[in-house]
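The residues making up each chain are set out below.
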Amino acid sequence: MKLDTSGLESAAPVWGAPSELVDGFSAAPSFEVPNTTDFDGFQKEAIQMVKPAKGTTTLAFIFKEGVMVAADSRASMGGYISSQSVKKIIEINPYMLGTMAGGAADCQFWHRNLGIKCRLHELANKRRISVTGASKLLANILYSYRGMGLSVGTMIAGWDETGPGLYYVDSEGGRLKGMRFSVGSGSPYAYGVLDNGYRYDMSVEEAAELARRAIYHATFRDGASGGVASVYYVGPNGWKKLSGDDVGELHYKYYPVMPSTVEQEMVEVAGA
Amino acid sequence: MARYDRAITVFSPDGHLFQVEYALEAVRKGNAAVGVRGTDIVVLGVEKKSAAKLQDSRSVRKIVNLDDHIALACAGLKADARVLINRARIECQSHRLTVEDPVTVEYITRYIAGLQQKYTQSGGVRPFGLSTLIVGFDPYSGVPSLYQTDPSGTFSAWKANATGRNSNSIREFLEKNYKETSGQETIKLAIRALLEVVESGGKNIEVAVMTKEGLRQLEEAEIDAIAAEIEAEKEAAEAAKKAPPKEK
């Protein structure tokens, strides 16, 4: 498995490496192709075997005050709930967040790697990297591993000089700029609530409540989502965690049990 | 083995890299280039050898674009310059592609200087025989910058600098006469500095001006006009000096 160790390489060229001086670009990673009659079919099968379903709900949207990012916290392996307390919102640096959907290890590793690259950019260029630049760095890395079984469906949210930024990046190599995204198996349910309640001019509290509700509704209907609904806000001064509510408790908060009047009661019947 | 050593840049016993110093000699033999930074403009001027009659002067442009907002002039081996400029141009586009933003002047200067340094620490290659003057506007802050690199791979920012033939006298002139200027005044200062070591006339100097809008090469007629203005000012100053000294 090829690891990205570019951060560890020293700047000086090694003896006998003249090719570095000649070409301007570094080669993309490559791997040996196995002998099969139908390589594309084989590749598809391999990926289906390796790729875990993106059992999760994450969402992010831009509004007047900044970016709101929310996610659930359930990790599932097929029908088994392996954890109810996974951190799916990854803190890349104090002003940028990434969300996790797909393979947990893939997301965590590559977000960490992105954090390193962002910091190196800051040190080299004496300025923060833009959300555009950071998302492009990640997208290019994921593209170079295309077809090798990575499973990453992430959103990069942040605040830079040009204001709030939100990008969707996935392991197919796609990268989209947008105002509203939801990723994961619970995303259709989240989109329903999000698209219905979204307005650009919302206050931070209203936006947080919208995000929380959207996650709750997704966890209600999607078996692969659950646990805790975390809500983060990204503003001009960086990100801040607003809330982390158990979705079970949220359910009874939104739909409290109404005591109903008793119509009939069972009574003891005298023995026949 | 001793013959083979010639091709490698190695340290001398007293800590010099002779190949790099010889490269600096090559720079000193190259034609003069001057750069002056103003508040809203940066000017590059290069000494031009009088063109051979049959040569198409347009094909020997000495001041080139690296990107829409960055230009470069150099002194030294022109063939080496072509290679370095091509690599820098590729890097400018590559940067635009990977971070969706144009390069800053500092970034591309650092890249060129890094490239020049790489060739002082590799086997079988010689250093680039040129020093560059890089000018441009920072795409974010809109601040004008002037940087210089040399064959050793060092770089720094300058308010005004010169490289190539007689660069010391030009630099002395600039140190005496530099002040914060803008627009036409900066152009005049650059041409005055260059005229210190070059015979007068638009035929012998090439001047380009970088503003927020981009790079503009000055026409020969324009340069002639400014040179004439400078001559007139000089004569007026001499006449004032020759006049009988006023009583204190």
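Rules used in this analysis
- Residues numbered from 1 in each chain as written.
- Chains lettered and ligands numbered in written order.
- Predicted model: local features only at pLDDT ≥ 70, side-chain atom pairs only at ≥ 80, totals over all residues.
- Heavy atoms only, no water.
- UniProt positions renumbered as here; feature names shortened; annotations may be inferred.
- Helix = DSSP H or I, 4+ residues; strand = E, 2+ residues; numbered from the N terminus.
- Buried < 20%, exposed > 50% of the residue type's maximum accessible area, 1.4 Å probe, protein only.
- Contact = heavy atoms within 4.5 Å.
- Pairing = 2+ DSSP bridges.
- Axes fitted to C-alpha atoms, helices over the stretch in contact; angles between N-to-C directions.
- Expected span 1.5 Å × (residues − 1).
- Patch = residues over 30% accessible without salt bridge, like charges linked within 9 Å, V, L, I, M, F, W, Y side chains within 5 Å.
- Areas by Shrake-Rupley, 256 points an atom, 1.4 Å probe, with all protein chains shown as cover.
- Salt bridge = Lys/Arg side-chain N within 4 Å of Asp/Glu carboxyl O.

With an unreviewed UniProt entry as reference, chain B is termed Proteasome subunit alpha type, source organism Hibiscus sabdariffa. Checking UniProt for chain B, the heading Function (unreviewed entry) contains the comment "The proteasome is a multicatalytic proteinase complex which is characterized by its ability to cleave peptides with Arg, Phe, Tyr, Leu, and Glu adjacent to the leaving group at neutral or slightly basic pH." Under Subunit (unreviewed entry), UniProt gives the following word-for-word description of chain B: "The 20S proteasome core is composed of 28 subunits that are arranged in four stacked rings, resulting in a barrel-shaped structure. The two end rings are each formed by seven alpha subunits, and the two central rings are each formed by seven beta subunits."

Identification of chain A as Proteasome subunit beta from Hibiscus sabdariffa is taken from an unreviewed UniProt entry. UniProt, in its Catalytic activity (unreviewed entry) section for chain A, records the words "Cleavage of peptide bonds with very broad specificity."

Undergrad: Talk me through the overall build of chain A; I want residue IDs and the actual numbers.
TA: Looking only at helices and strands, chain A has 7 helices and 12 strands in total. Counting all 272 residues of chain A, 43% fall into the buried class. Long-range contacts, defined here as pairs at least 24 residues apart, represent 62% of the contacts in chain A between residues at least 6 apart.

Undergrad: Outline the sheet that holds strand 3 (residues 63–67) of chain B, supporting the account with residue identities and numerical values.
TA: Residue and element names in this part refer to chain B. Spatially, 5 strands are ordered 3-4-5-6-7 in an open sheet, and the strand pairing comes out antiparallel. Only two strands of the sheet have a single partner each, and these edge strands are strand 3 and strand 7 (155–157). Mean inter-strand twist for the sheet, computed between neighbouring axes without regard to direction, equals 25 degrees. In the packing of helix 3 (residues 78–99) onto the sheet, contacts are made with strand 3, strand 4 (70–76) and strand 5 (130–137), and the angle to strand 3 comes to roughly 25 degrees.

Undergrad: Which residues make up the UniProt feature "coiled-coil region" (unreviewed entry) in chain B, and what values do they have?
TA: UniProt tags residues 216–243 of chain B as "coiled-coil region" (unreviewed entry). Taken end to end, residues 216–243 of chain B comprises 82% helix and 7% strand; its first and last C-alpha atoms sit 41 Å apart.

Undergrad: Explain the side chain of S230 of chain A to me, using residue names and the numbers behind them.
TA: All names here are of chain A. Within the secondary structure, S230 is located in strand 11 (residues 228–235). For S230, a relative accessible area of 13% gives the class buried. Once you skip the residues sitting within four places of it in the chain, S230 turns out to touch V69, A70, A71, I89, K241, S243 and G244.

Undergrad: So what's going on with helix 6 (residues 184–195) of chain B? Residues and values would help.
TA: Residues and elements named next belong to chain B. Taking 1.5 Å per residue, 12 residues should reach 16 Å; helix 6 reaches 16 Å between its end C-alpha atoms and fits that length. Helix 6 sits mainly inside the fold: 9 of its 12 residues count as buried. By the burial criterion, the buried members of helix 6 are T186, I187, K188, L189, A190, I191, A193, L194 and L195. Packing partners of the buried residues in helix 6 comprise strand 1 (33–37), strand 2 (42–47), helix 5 (167–177), strand 9 (205–211) and helix 7 (220–242).

Undergrad: Give me the lowdown on a nonpolar patch on the surface, citing residues and values where you can.
TA: All names here are of chain A. Side chains of I116, L120 and L123 sit close together on the surface and give an oily, nonpolar patch of about 290 Å² of accessible area. Mapped onto the elements, L123 comes out in helix 3 (residues 104–125). The exposed category is assigned to L123, whose relative accessible area is 54%.

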